[in-house]
Amino acid sequence: MRRTTPTVILMMAAVLLTGCSIPTQGPDQAERDSWSRVIETAIRALPGVVDASHRFDYEGKSRTYHSRLEVQLEDGATPDEAASVVGAMGTQQLPPHYQGDQTEVYIDRRTDSYYANWRFGRDVSGEANSAHTWVRVSAPGTQVGWRSSGIDVDKMRNDIGVAAGSEAEPHRATAAMRRIIEDFPELASSYWTVSTVHEESGFKNHSSLEPGWLNTDRPLRFPHNRPRFPSNGELEMWEWFLTDQPTPFLVEISVYDPPGKAGRTLDVAIYPPVGKQFTAAQATQLAERHLPYLAQPGAVVDYTIGDTYHPVFAVFVGGCQPSSRDVPPESQPYARQYERC
């Protein structure tokens, strides 16, 4: 991509200010760059491909190369065309000493996105099949983000997100998720996230229903949760939180299966819209609407309003509040009513 002189100057200034450095050039960078052009030509020639770009980045500390392919598909690209991109990248006849290099593939189609990574030289039929299914599960009016991660074939896992495309229309995502559950039962073993906006658009600027990634007694991003579809009750709960509420907010519902620390089954975190803050009256109004709904038999719910570590409101419904958390005074009457210690 051609950059103008002012843009280059701004980038150089940013490098100096942040202390970052321009990516290191590897010892055979020219050869790698020539192969990037070969790869781009091959991928661009595939049916359904609008554009493709490839590069090899050299990681100085490990003295290894990292391959990255970015592809734009036509809006109407077919499942076979998406799969052929992954297959073509996986079968590139690169020099033997490239074997074992890590490669990443990013594919965009309409509002949907696909990601996969592997080591050059191994079979990528699993990733190609995933790309094929990714297009099949997509539907107008929603966004599907599919991530097939696992450099080694025996560690591959699928994380799939279904988004409504709008905070005001959560029913689009729940309807799409129910259709997937009915039509694609073989995908139950994936890790599913339902959201209003695709998760790549930012952190805590949209509502989501997801597996309990952030449980503090489990390694970050490697949950012990049982991979499964969201239940109908969980989908109904998420949609309820985003419909007919007294004041606008974002909600993040994390599901623990099996139950997490202190027996909790759910985290329900309420955040104000980006750039806003809750007043004490608004927080109390939301809690009084939400807590009776969450106080269901057998449910242990960590309910917070505001920042996770410094909430303006916190009640551990059906269980005991973590001792490490400072509970705001406004929460105390509700804690006595809803907590079970």
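This text goes with the structure placed above it.
Everything numeric in this text was worked out from a predicted model, so none of it was measured.

Draft legend 1. Structural detail: the overall build of the protein chain. A tally of helices and strands in the protein chain yields eight helices and 12 strands. Expressed as a percentage of its 341 residues, the buried residues of the protein chain come to 48%. Considering only contacts in the protein chain between residues 6 or more positions apart, those separated by 24 or more positions represent 55%. Surface accessibility of the protein chain: about 17400 Å² in total, with carbon and sulfur atoms responsible for 55%.

Draft legend 2. Representation of the sheet that holds strand 2 (residues 64-73). In space, the 12 strands of this open sheet follow the order 1-2-3-4-5-6-7-8-9-10-11-12, with mixed pairing throughout. The open sheet has two free edges, formed respectively by strand 1 (49-59) and strand 12 (311-317), since each of these has just one partner strand. Across this sheet, the average inter-strand angle for adjacent strands is 10°, counted without regard to direction. With seven bridges connecting them, strand 2 and strand 3 (residues 102-109) associate as parallel partners. Paired with Arg68 across the two strands is Glu104, which belongs to strand 3. Helix-sheet contacts for helix 7 (residues 280-294) involve strand 10 (266-271), strand 11 (301-306) and strand 12, and the interaxial angle to strand 11 is about 165°.

Draft legend 3. Fine view of the pattern of salt bridges. Tallied over the entire structure, the rule returns 16 salt bridges. As a salt-bridge pair, Asp57 and Arg55 come within 3.0 Å of each other at their nearest N and O atoms. The exposure class of Asp57 is partly exposed, given its relative accessible area of 27%. Of the charged contacts, one joins Arg157 and Asp159 as a salt bridge, the two residues approaching to 2.7 Å between their closest N and O atoms. Judged by its relative accessible area of 12%, Asp159 falls in the buried class. What emerges from the salt-bridge pattern is a single network uniting Arg226, Arg228, Glu234 and Asp257.

Draft legend 4. Structural context of the pairing of strand 6 (residues 157-163). Burial runs high along strand 6: six of the seven residues are buried. Relative to strand 7 (residues 191-195), strand 6 runs parallel, the two being bridged by five bridges. Residue pairing in the sheet places Val162 in a bridge with Val194 of strand 7.

Draft legend 5. A look at the state of the cysteines. Tallying each qualifying case throughout the model produces one disulfide. Disulfide pairing places Cys320 opposite Cys341 at an S-S distance of 2.4 Å. Residue Cys320 is located in the loop between strand 12 and helix 8 (332-338), and its partner Cys341 is located in the segment after helix 8; the two are separated by 21 residues in the primary sequence. Judged by its relative accessible area of 33%, Cys320 falls in the partly exposed class. Note on Cys341: relative accessible area 74%, which makes it exposed.

About the criteria used
Residues numbered from 1 in each chain as written. Predicted model: local features only at pLDDT ≥ 70, side-chain atom pairs only at ≥ 80, totals over all residues. Heavy atoms only, no water. Helix = DSSP H or I, 4+ residues; strand = E, 2+ residues; numbered from the N terminus. Buried < 20%, exposed > 50% of the residue type's maximum accessible area, 1.4 Å probe, protein only. Contact = heavy atoms within 4.5 Å. Areas by Shrake-Rupley, 256 points an atom, 1.4 Å probe, with all protein chains shown as cover. Pairing = 2+ DSSP bridges. Axes fitted to C-alpha atoms, helices over the stretch in contact; angles between N-to-C directions. Salt bridge = Lys/Arg side-chain N within 4 Å of Asp/Glu carboxyl O. Disulfide = S-S within 2.5 Å.

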